[in-house]
Amino acid sequence: MSSPDASHLAALRPRLPSPLEQVEDDRFASRGLRLVLKRDDLIHPELIGNKWRKLAPNLAAAHGRTVLTFGGAYSNHLRATAAAGRLLGLPTVGVVRGQELADRPLNPSLARCVADGMRLHFVDRATYRRKTEPDVHARVLRAAGAEDAYVVPEGGSNSEAVRGCRALGEELRGHADVVALACGTGGTLAGLAAGLAPGQRALGVPVLKGGFLAADTQALQERTFGGRCGRWSLDDRFHFGGYARVPAELDAFAKDFEDRHGVPVERLYVAKLLYGLVALADEGAFARGTTVAAVITGRPFP
């Protein structure tokens, strides 16, 4: 099996830089704000948005080895890794949180992973929480029969991914004052902020509860760049109860945004970002004359 290098990845024909679209939205215009959408959801039909930016450098670094990664039962990252494996001819293993799921019918997300050739290995939740501890990590890889695999962390956030996401910030230089995105593990935010020009700032909207993301994002920047890079901050108010929580209010907001602008709104990440930006605009969080870019990191599944 040949290993994927830059030329192999280029053969997948990503659309880079991704398009930048201005939308007319009176909730922003009435406050003297301009809203633009960074359509990373259009980079590739299967490796969507930040998944391309984070996975591409890791796939090249794998040099043809089996790629093993981690995720929950509805993980966008697992699906993207499985699709990449199929497209590039790489074996993939997904370590899935929740041993109880092993004996249940696969949900559509995990079924897609299997259809794309990913071998699933289920672990109990206590083990999953400790997966980064060296002894537990080694035990999981042995149990999965993948001791020699190239390991990508949950959400794909490592130094390779952070460097890959720096290009997102570079593509947005000169196009916005504030660049906002939904965050899961902090890798995209860490790279984006490092790529922006002086005077621009990044705003992360976490989709999980817990308040851990600031420390995680800074740690990723320190490992990758040697210290904190760029101007970035987080607003933890728009997670709607945690990951994969989509109450009726959020779903109605997303449908309304789709009707207004003809842009499909992914519910687990993008809807929370857009909802947060509308709320912040209403609060007067942005000075008049500000251009706000919202990074559309995914699209609805299936």
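Structure shown above.
None of these values were measured; they are calculated from a predicted model.

Calculation rules
- Residues numbered from 1 in each chain as written.
- Predicted model: local features only at pLDDT ≥ 70, side-chain atom pairs only at ≥ 80, totals over all residues.
- Heavy atoms only, no water.
- Core = buried A, V, L, I, M, F, W, Y, C linked by side-chain atoms within 4.5 Å.
- Buried < 20%, exposed > 50% of the residue type's maximum accessible area, 1.4 Å probe, protein only.
- Helix = DSSP H or I, 4+ residues; strand = E, 2+ residues; numbered from the N terminus.
- Contact = heavy atoms within 4.5 Å.
- Pairing = 2+ DSSP bridges.
- Axes fitted to C-alpha atoms, helices over the stretch in contact; angles between N-to-C directions.

Hey, could you run me through the nonpolar core in this one?
The tendency in soluble globular proteins is for nonpolar side chains to be buried as a group. Membership of the largest hydrophobic core comes to 33 residues, with the highest contact counts inside it found for Leu37, Leu274, Leu277 and Phe286. The leading source of residues in this core is helix α12 (residues 270–283), at nine residues. Leaving out residues up to four positions away in the same chain, Leu277 has contacts with Phe28, Ala180, Leu203, Phe286, Val292 and Ala294.

Quick question: what am I supposed to make of the environment of Thr224 here?
With respect to the helices, strands and loops of the structure, Thr224 is situated in helix α10 (residues 213–225). On the basis of relative accessibility, which here comes to 13%, the residue Thr224 falls in the buried class. Separated by 24 residues in the primary sequence, Thr224 and Ala248 have C-alpha atoms spaced 39 Å apart. Leaving out residues up to four positions away in the same chain, Thr224 has contacts with Ser159, Val162 and Arg163.

How should I be thinking about the sheet that holds strand β3 (residues 67–71) in this particular structure?
Strand pairing in a sheet is mediated by backbone hydrogen bonds. Such pairs are either parallel or antiparallel. Strand order in the open sheet formed by four strands is β5-β4-β3-β6, and the pairing between neighbours is parallel. In this open sheet, the two edge strands, each paired with only one partner strand, are β5 (119–123) and β6 (150–152). For this sheet, the mean inter-axis angle between neighbouring strands, taken without regard to orientation, is 25°. In terms of strand pairing, β3 meets strand β4 (residues 92–97) through five bridges, oriented parallel. Residue Val67 lies in a different strand from β4, and its bridge partner there is Thr92. Relative to the sheet, helix α4 (residues 76–88) contacts β3, β4 and β6, its axis offset from that of β3 by approximately 160°.

Is there a simple way to think about the sheet that holds strand β8 (residues 201–206) in this case?
One open sheet holds the six strands; their spatial order is β1-β2-β10-β7-β8-β9, and the pairing between them is mixed. The sheet is open, and its two borders are formed by β1 (20–23) and β9 (232–234), each paired with just one other strand. The sheet shows a mean angle of 25° between the axes of neighbouring strands, direction not considered. Of the strand pairs in this sheet, strand β7 (residues 178–183) and strand β10 (residues 291–295) are connected by three bridges, and their pairing is parallel. Bridge assignment links Val179 to a residue of β10, and that residue is Ala293. Contacting β7, β8 and β10, α12 crosses the sheet at an angle of about 160° to β10.

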